[in-house]
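# Per-entry structural report
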Amino acid sequence: MPGGAPGHDGPARARRRRTPQSLRTKLAVSFAAVAAGVTALVGFLSYDSAARLVRVDQQAVFDEVVHGLRQQVRQQKLTPADFTAADPDHDGPRDDLTRPAGTDVQVLGPGGAVVDAGTPRLPVGAAARQVADARAAGTLAEDDDARIDDDEYRLATVSLGGGRGAVQVAQEFSDTEDLLAELQRRTILYAGAVVAAAGLFGWWLARRITSRLVRLAQTAEGVASTGRLDVPVPVTGGDEVGSLGRSFDRMLGRLARSVEDQRRLVQDAGHELRTPLTSLRTNISLLRRIDELPPAAREELVADLAQESRELTDLVNELVELAAGKEDDEPAVAVALAQTAEDVAALARRRSGRTVVVRAEGADTTITGRPAQLQRALSNLVENAAKFDTDGTAPIEIAVTRVPDGVRVEVLDRGPGIADTDTDRVFDRFYRAPAARSLPGSGLGLSIVREVASAHGGAPFAARREGGGAVIGFVVKGVGASTRHGT
């Protein structure tokens, strides 16, 4: 179809026009363009300066010769015979004219007649004949554009005075222009060679630089196509490209750890959810026969269902909070941890009826942090202490202390304590010590404490308490501070 071809070819041509140049080509072309600009500028300035100096020097020498000739004929009464070429000693006035500048001299008699022709023969115009007949010595006629045998000359005619004739002095400057033209040609030739060399060097340099970028791009494409994050990343070099490679490698490492944490969280969450769900299914099956159960069993079944639903709700809430983790959008503000401890203690007293004591040591316990996260972490510690010391009568203590590394927050109880083998694992997700497996809970509370402490530039800790019980807490510096310990 006649009208169809352009419609199909147009987009193809547009795509070809929009095809981006490679970074290697752009660098090579830019390098060559800069070299061309610099070389052209330097070459032009050098040639212009050299040509100006040569022309000015030649003009100055010629002007000096003409000036000397005029002075000489004014001071001495000279005749055309004094300037003839037949001077055997080569010390006459003619030699004084030809020696310094290599000028051509021609002697004219009265009326402009040629007495001694120059080599080549110089033209004798009307102005020259008038000067030859001039009464005053040193009368001057100049022609800066005289052409002799297709060559260009400067020509000056100086009268001897008294109508005795004149002396013509000529300087060829076409040779100088030829020399300058050759200099210009060579300058252009050398500039072209420099630009070509710069282009080749720019191509080599661009290839050397972009080869690592190409490998990084290939690695990124491999990650995008396969989804694998454990691929080796080229990180050679100490320049920006090497830094980019190292940053890319760290990014892949963090992504791999994030994916692994997500996978482990899903697996652990599925495992933990099975227990309350199984119990709920069992109790729900009993609901079909609730009319057959005695009143006491009914009350126990309903209480068990309520407890299981609360634990399931708490577990889901903690999973959601833990999964959100570092993506929390809560703004960072100044948080007085001593006051946060007082608020948590008041809430724990109402919920559990236990005595909770707060000890704040240090003039200032304020950090830059997220108040809701810090309050949740401290609440988890107090709830953990109350859970493990259900029948205890000793107060639960909260100690907030300013330390060189930040602020130290710890919760002390008089419960069964913590085994040495568990101190490093109590903050792992879903980990529950053997003594706590019969108690309610999800095993996520202390894991949230670790996440909050890490987000505030700190780390959690756990230890036995002297005299019995446990000391569990964290040290925080504030949002934006570097974490001292891996999590």
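About the criteria used
Residues numbered from 1 in each chain as written. Predicted model: local features only at pLDDT ≥ 70, side-chain atom pairs only at ≥ 80, totals over all residues. Heavy atoms only, no water. Helix = DSSP H or I, 4+ residues; strand = E, 2+ residues; numbered from the N terminus. Buried < 20%, exposed > 50% of the residue type's maximum accessible area, 1.4 Å probe, protein only. Contact = heavy atoms within 4.5 Å. Areas by Shrake-Rupley, 256 points an atom, 1.4 Å probe, with all protein chains shown as cover. Pairing = 2+ DSSP bridges. Axes fitted to C-alpha atoms, helices over the stretch in contact; angles between N-to-C directions. Salt bridge = Lys/Arg side-chain N within 4 Å of Asp/Glu carboxyl O. Patch = residues over 30% accessible without salt bridge, like charges linked within 9 Å, V, L, I, M, F, W, Y side chains within 5 Å. Phe/Tyr/Trp six-rings, centres within 6.5 Å; stacked < 30°, edge-to-face > 60°. Lys NZ or Arg CZ within 6 Å of the ring centre and 35° of its normal. Lys, Arg positive; Asp, Glu negative; His and termini not counted. Charge placed at Lys NZ, Arg CZ, Asp CG, Glu CD. Expected span 1.5 Å × (residues − 1). Arc of directions from axis to C-beta. Parallel < 35°, antiparallel > 145°, perpendicular 65-115°, else oblique. Left-handed = near helix turned anticlockwise from the far one by under 90°. Nonpolar A, V, L, I, M, F, W, Y, C, P; charged D, E, K, R; others polar.

### Re the overall build of the protein
What the protein contains, in helices and strands, is 10 helices and 12 strands. Taking all 487 residues of the protein together, the buried fraction comes to 37%. A separation threshold of at least 6 residues defines the contact pool for the protein, and within that pool the share at least 24 residues apart is 63%. Approximately 27,800 Å² of the protein is accessible, and the part contributed by carbon and sulfur atoms is 55%.

### A short note on the sheet that holds strand β9 (residues 396–403)
The strand order across the open sheet built from 5 strands is β7-β9-β10-β12-β11, with neighbouring strands paired in mixed fashion. One side of each edge strand has no neighbouring strand; the edge strands of this open sheet are β7 (356–361) and β11 (459–464). The mean angle between the axes of side-by-side strands here comes to 15°, regardless of whether they run parallel or antiparallel. Relative to β9, β7 is paired through 6 bridges, and the arrangement is parallel. Considered in β9, the bridge of Val358 is made with Ile398. Each of β9, β10 (406–412) and β12 (470–476) touches helix α9 (residues 371–388); the most contacted strand, β12, lies at about 175° to it.

### A short note on the pattern of salt bridges
Counted under the stated rule, the structure contains 4 salt bridges. The shortest N-O distance in the salt bridge between Glu410 and Arg408 comes to 3.1 Å. In this structure Glu410 comes out as buried when scored by relative accessible area, which is 15%. Given a relative accessible area of 29%, Arg408 falls into the partly exposed group.

### What to know about a nonpolar patch on the surface
Together, Phe31, Phe201 and Trp204 line one region of the surface with nonpolar side chains, adding up to about 320 Å² of accessible area. If you trace the backbone, Phe201 turns up in helix α5 (residues 174–226). Take Phe201: its relative accessible area is 42%, and that puts it in the partly exposed class.

### Focus on the packing of aromatic side chains
Inspection of the entire model under this criterion finds 1 aromatic pair. Arg408 extends its terminal NZ or CZ atom over the ring of Phe461, reaching a point 3.9 Å from the ring centre.

### Description of a negative patch on the surface
Together, Asp63, Glu142, Asp143, Asp144 and Asp145 line one region of the surface with negative charge. With 4 residues, strand β3 (residues 140–148) is the single largest residue contributor to the negative patch. By the secondary structure assignment, Asp63 is in helix α2 (residues 23–75).

### A few points about helix α8 (residues 337–352)
The terminal C-alpha atoms of α8, which comprises 16 residues, lie 22 Å apart, in line with the 22 Å expected from a rise of 1.5 Å per residue. Taken together, the buried positions of α8 are Leu337, Ala338, Thr340, Ala341, Val344, Ala345 and Ala348. Looking straight down α8, one finds that the buried residues subtend no more than 150° of arc, so they occupy a single side. One or two residues past the end of α8 sits Gly353, with phi positive at roughly 75°.

### A short note on the packing of α8 against α9
At a minimum axis separation of 10 Å, α8 and α9 run at an interaxial angle of 45°. The pairing of α8 with α9 is recorded here as oblique in orientation. The crossing of α8 and α9 is right-handed. Seen from α8, the contacting residues are Leu337, Thr340, Ala341, Asp343, Val344, Ala348 and Arg351; seen from α9, they are Leu374, Gln375, Leu378, Ser379, Val382 and Glu383. When the residues that make up the contact of α8 with α9 are grouped by side-chain class, the tally is 7 nonpolar, 3 polar and 3 charged.

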